[in-house]
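In case you want the letters, here they are:
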Amino acid sequence: MISNMVCRHCIAAVEGALAKADIPYQNVEIGKVTLMQPLDAEQQERLDAELQALGFQRIENDGQAIVESAKIAVRHHVRDERECRLKLSACIESQVGLPYPTVSRLFSQYEGRTLENYHQAQKIERVKEMLQQGRHSLEEIAHIVDYSSAAHLSRRFKEITGMTPTDYIKLQPPRTPLDEV
């Protein structure tokens, strides 16, 4: 497993690191690399150096691997709202393959924060992205990210970021659509 992978750009970066370290692989997906063969000590060292330079880290510890799988499940739950209609606990159990209390305990042990706090932080990051895009009203964003109302979203946003969604929008430079670049 590889930590800190969050998007398709991360997949491309890890593929580049594997190529640079001259390590043959079958597949790379978020958080996971399938190698053609086990790594020897020299290959591990080369790969670790390449990954570290990109902000990633190879995970070998079972507990850390479970935590990374839980992070991937949370991000999936937050970002793929149409696909993942399960409760967070059911989503994590389904994707990680372990009971939620076990995953939650390990997450707190390794991360120093609760799985619920990580989930809330991921939801707020999703809200920030949607606010920057300017395509949805706050009420629509609240519905998409599974808050009961725009007022509830605004309260949670302020608790976590220290500012209101309106203040956040004012601080962001206007986005230029890609087709206008």
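In what follows, the structure referred to is the one given above.
Since the structure is predicted, the reported quantities are computational estimates derived from the model, not experimental observations.

A.B. asks: Run through the packing of helix α6 (residues 115-133) against helix α8 (residues 150-161), naming residues and quoting values.
C.D. replies: Angle between the axes and distance between the axes: these two values describe a pair of packed helices. Where α6 meets α8, the closest approach of the two axes is 10 Å, and the angle between their N-to-C directions is 105°. In terms of axis orientation, α6 runs roughly perpendicular to α8. Along its contact with α6, which presents Q120, I124, V127, K128 and L131, the element α8 presents L153, R156, F157, I160 and T161. Counted by class, the contact of α6 with α8 contains 6 nonpolar, 2 polar and 2 charged residues.

A.B. asks: Describe the packing of aromatic side chains, naming the residues involved and giving the relevant values.
C.D. replies: Taken as a whole and assessed by the stated rule, the structure comprises 2 aromatic pairs. Look at F107 and Y118: their rings are 5.4 Å apart centre to centre, the planes differ by 55°, and that puts the pair in the tilted class. Highlighted residues: F107 in helix α5 (residues 100-111) and Y118 in helix α6, separated in sequence by 11 residues. Accessibility expressed as a relative area gives 0% for F107, which makes it buried. When the ring of F157 is compared with that of Y168, the centres are 5.7 Å apart and the planes differ by 70°; the resulting orientation is edge-to-face. You can see F157 sitting in helix α8 and its partner Y168 sitting in helix α9 (residues 165-171), a full 11 residues away along the chain. An identical accessibility class is assigned to F157 and Y168; each is buried.

A.B. asks: Report on the side chain of R75, specifying residues and quantitative values.
C.D. replies: With respect to the helices and strands, R75 occurs in helix α3 (residues 62-79). The side chain of R75 sits in the buried core without any salt bridge; E68 is the nearest counter-charge, 4.1 Å away. Other than its neighbours up to four places away in sequence, R75 contacts M5, V6, I30, E68, D80, Y118 and Q122.

A.B. asks: Could you give an account of the pairing of strand β2 (residues 25-29), with specific residues and numbers?
C.D. replies: Note that β2 and strand β3 (residues 32-35) share 4 bridges and pair antiparallel. Bridge pairing links Y25 to L35 in β3. The hairpin formed by β2 and β3 contains 2 residues between the paired strands, and G31 there has a positive phi angle of roughly 85°.

Reading guide: rules and limits
Residues numbered from 1 in each chain as written. Predicted model: local features only at pLDDT ≥ 70, side-chain atom pairs only at ≥ 80, totals over all residues. Heavy atoms only, no water. Axes fitted to C-alpha atoms, helices over the stretch in contact; angles between N-to-C directions. Helix = DSSP H or I, 4+ residues; strand = E, 2+ residues; numbered from the N terminus. Parallel < 35°, antiparallel > 145°, perpendicular 65-115°, else oblique. Contact = heavy atoms within 4.5 Å. Nonpolar A, V, L, I, M, F, W, Y, C, P; charged D, E, K, R; others polar. Phe/Tyr/Trp six-rings, centres within 6.5 Å; stacked < 30°, edge-to-face > 60°. Buried < 20%, exposed > 50% of the residue type's maximum accessible area, 1.4 Å probe, protein only. Lys, Arg positive; Asp, Glu negative; His and termini not counted. Salt bridge = Lys/Arg side-chain N within 4 Å of Asp/Glu carboxyl O. Pairing = 2+ DSSP bridges.

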